[in-house]
Amino acid sequence: MDNHKKYVLWIIDIAKLLAVVCGATLLGIFFVKVGFPETNIVVIYIFAVLLVARFTKGYFYGILSSVVSLLCFNYFFTAPYHTLAVNDPSYMITFCIMLITALITSALTTKEKLMTMEATRKGMESQTLYMLSSKLSDAADIEAVIKIAAESMSRLLQVNVGCIYVGEQAEPIYIQQLEKEQLHRSVTDVDEIRRIFTNLRTEYLENGENWAFPVNGQNRLLAVIMIDRKVSEEELSPNKKLIHSMIENISLALERIEITIERVRDRQRMERERERANLLRAISHDLRTPLSGIMGSAEMLMDMTEKDDNLQKLLKGIYQDADWLKSLVENILSLTRLQDGKILVHKEMEALEEVIACAVAHIEKNYPNREIQVEIPEDFRMVPMDAKLIEQVITNLLDNAVKHTTCEEAVTVCVSYLPDKAQVTVKDEGEGIAKEDEGNLFQIFYTSKTRAADVRKGIGLGLTICETVVNAHGGTITGRNREDGKGAEFIFTLPL
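Residues numbered from 1 in each chain as written. Predicted model: local features only at pLDDT ≥ 70, side-chain atom pairs only at ≥ 80, totals over all residues. Heavy atoms only, no water.

1. Considering empty space enclosed by the protein
Just so we agree on the cut-off: Points on a 1 Å grid, built from protein atoms alone, make a cavity when a 1.4 Å probe fits but cannot get out and make a pocket when they are open with protein on both sides within 12 Å along at least 5 of 7 lines; residues with an atom within 4 Å of a point are the lining residues. Grid points are joined across faces, edges and corners, and a volume is the space filled by probe spheres set on the points. Every helix listed is a DSSP run of H or I at least four residues long, and every strand listed is a run of E at least two residues long, numbered separately from the N terminus.
All chains considered together, the criterion is met by 1 cavity of 30 Å³ or more. Each pocket or cavity is described by its volume, and for the largest cavity that value is around 30 Å³. Contributing to the lining of the largest cavity are Thr128, Met131, Leu132, Lys135, Ser152 and Arg155. Those elements giving two or more residues to the lining of the largest cavity turn out to be helix H4 (90–138) and helix H5 (142–157).

2. Looking at unusual backbone geometry
Glycine aside, residues mostly have negative phi angles, and peptide bonds mostly take the trans form. Cut-off, in case you're wondering: Each residue's exposure class comes from its accessible area (1.4 Å probe, protein chains only) as a fraction of the maximum for that residue type: buried when under 20%, exposed when over 50%, partly exposed otherwise.
Located in the positive-phi region is Gln158, a residue other than glycine, with phi close to 60°. Topologically, Gln158 is positioned in the loop between H5 and strand E1 (161–165). Accessibility expressed as a relative area gives 66% for Gln158, which makes it exposed. Phi at Asn219 takes a positive value of approximately 65°, unusual for a residue other than glycine.

3. Considering the sheet that holds strand E2 (residues 173–178)
Under the convention used in this document: Here a strand pair is declared whenever DSSP counts at least two bridges between the two strands. All axes are obtained by fitting lines to C-alpha atoms, using only the stretch in contact for helices, and the reported angles, taken between N-to-C directions, cover 0 to 180 degrees. A contact between two residues is defined here by any heavy atoms of the two lying within 4.5 Å.
Spatially, the 6 strands line up as an open sheet ordered E3-E2-E1-E6-E5-E4, and their pairing is antiparallel. The strands lining the two open edges of the sheet, one partner per strand, are strand E3 (181–185) and strand E4 (205–207). Taking each pair of neighbouring strands and ignoring which way they run, the sheet shows an average axis angle of 25°. By the bridge criterion, 7 bridges tie strand E5 (residues 210–216) to strand E6 (residues 221–228) in an arrangement that is antiparallel. Paired with Asn216 across the strands is Leu221, a residue of E6. Docked against the sheet, H5 engages E1, E2, E3 and E6, running at close to 30° with respect to E2. On the sheet, helix H6 (residues 190–197) packs against E1, E4, E5 and E6 and is oriented at approximately 90° with respect to E6.

4. Examining the pattern of salt bridges
Quick note on the threshold: Salt bridge, as applied in this entry: a Lys or Arg side-chain nitrogen positioned within 4 Å of an Asp or Glu carboxyl oxygen.
For the structure shown, the criterion picks out 13 salt bridges. Two residues, Arg195 and Glu192, come together in a salt bridge whose shortest N-O distance is 2.6 Å. Of this pair, Arg195 and Glu192 both sit in helix H6, 3 residues apart, which is roughly one turn of that helix. With relative accessibility at 57%, the residue Arg195 sits in the exposed group. One network of salt bridges, with partners in common, ties together Lys135, Glu151 and Arg155.

5. A look at the pairing of E1
Counting buried positions along E1 gives 5 out of 5 residues, so the element sits mostly inside the fold. Covered by surrounding structure in E1 are Val161, Cys163 and Tyr165 together with Gly162 and Ile164, the residues of both alternating faces. By the bridge criterion, 5 bridges tie E1 to E2 in an arrangement that is antiparallel. Opposite Ile164, over in E2, you have Tyr174 as the bridge partner.

6. Digging into the layout of surface pockets
Which entries qualify depends on this criterion: The residue classification treats Ala, Val, Leu, Ile, Met, Phe, Trp, Tyr, Cys and Pro as nonpolar and Asp, Glu, Lys and Arg as charged. All others, Gly included, are polar.
In this structure, the second largest pocket occupies an estimated 720 Å³ of space. Contributing to the lining of the second largest pocket are 22 residues, with Leu156, Leu157, Glu235, Pro238 and Asn239 lying nearest its centre. Elements that contribute at least two residues to the lining of the second largest pocket include exactly helix H1 (2–34), H4, H5 and helix H7 (233–236). With 6 residues, the top contributor of residues to the lining of the second largest pocket is H4. Broken down by class, the residue content of the lining of the second largest pocket amounts to 8 nonpolar, 5 polar and 9 charged.

7. Focus on a nonpolar patch on the surface
Going by this rule: Exposure above 30% relative accessible area and the lack of any salt bridge qualify a residue for a patch; like charges then connect within 9 Å, and the nonpolar side chains Val, Leu, Ile, Met, Phe, Trp and Tyr within 5 Å. Using the Shrake-Rupley algorithm and a 1.4 Å probe, accessible areas are obtained, with residue cover drawn only from the displayed protein chains.
Taken together, Tyr59, Ile63, Val67, Leu71, Tyr75, Leu84, Leu103, Leu114 and Met117 make up a surface patch of nonpolar side chains, about 770 Å² in accessible area. Of all the elements in the fold, those that place two or more residues in the nonpolar patch are helix H3 (60–77) and H4. Ranked by the residues each element gives to the nonpolar patch, the list is headed by H3, at 4 residues. Relative to the helices and strands, Tyr75 is located in helix H3.

In structure tokens:
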């Protein structure tokens, strides 16, 4: 089909050339009959060359018309007539001047025409890009951008064009421009589209019945432009620069809207977090006072009751449960304050062993039937830290270990010193960490779904607070199953 079209255009241009040269020849014959000099006939042929160059494509037809005009002038208007022979040698100079003049005229005319066409093309490109940018700047959402992209590309190339959004800030959208109608198509292979077009090493792909151009953002694929292959590759080539410019504008518009969506979501997320923190803070403050009263009353009643009295066990249970609730409340308050930046880390040189001793004493008081093992090296060192916060970290880790072990399973705190940091390990011989929990240990409000039935449930704050405090000190914390036996171990470090 393309070769046939080229052949038809070639026939048309040749016909134009022959018609113009024949017209010039007939006009020359008329000038001879009325007695005009030969110089007028030369001018007529030069004018004919100019017309051929103007109304045909490329330099070839202008050059060919120059040669044909020279031959016609020699054949019809120089003696001996109706032959290509030349009796008067001076005509050779005339022929040369005529040919050179015709060639220069043809070249200049063709060049001027091409420059005019290029200027017109660039003007149209600029107008197209301006119209596209204007529309895209008014687009309020991703679907509007996709519609504008499909409609603009279709108008430029005069074929059906589809645009598929495959970004991550909204559901996939596929809109196809069919002449003046836009249709929504379903997208079922988003992952495959992303796989094919991400890091594509060519300008476009031949995708079935379409030329597929990727629309890339910063390090990610945003959309794909599908151009009907009724447009041949030869017809597509002159428009590639404009197509890429349009794709850049579409990419910028999509990224702008994606950033806006992300900012709105972040703002909403922050607002929800703020409301949640305010609610937790209010509830915690309201619960702390009555819990302290319950603990104080229970402790006073225990002191007033004989050790072998049956009420002693009941009062002890009340005290422990109230203490557990109070610890939970303190964790909530600590977390909300840390997240709001209201707790400042006051680092002073402290003895890590003394902080560990306070945490162990607190746990053993709440769990009288449990004994925590402590392993401290002889090379005693002072550590820059906030003693109160680090004590809370160790307390939370020990409490977590005790809850996941039986009385027969040991819980141990180990301290070691490295050249640039102190390392604290809390390990146990309990049930260990389930595989499905490994990636969520420090996630806020995450609680294990595989814990033993008799383990008192928490709300997933203890380890989150540990991570926040340790990070605030410039340290790291990790949790894993022990390699030297049964159980789990949590390791955190503090810079020296």
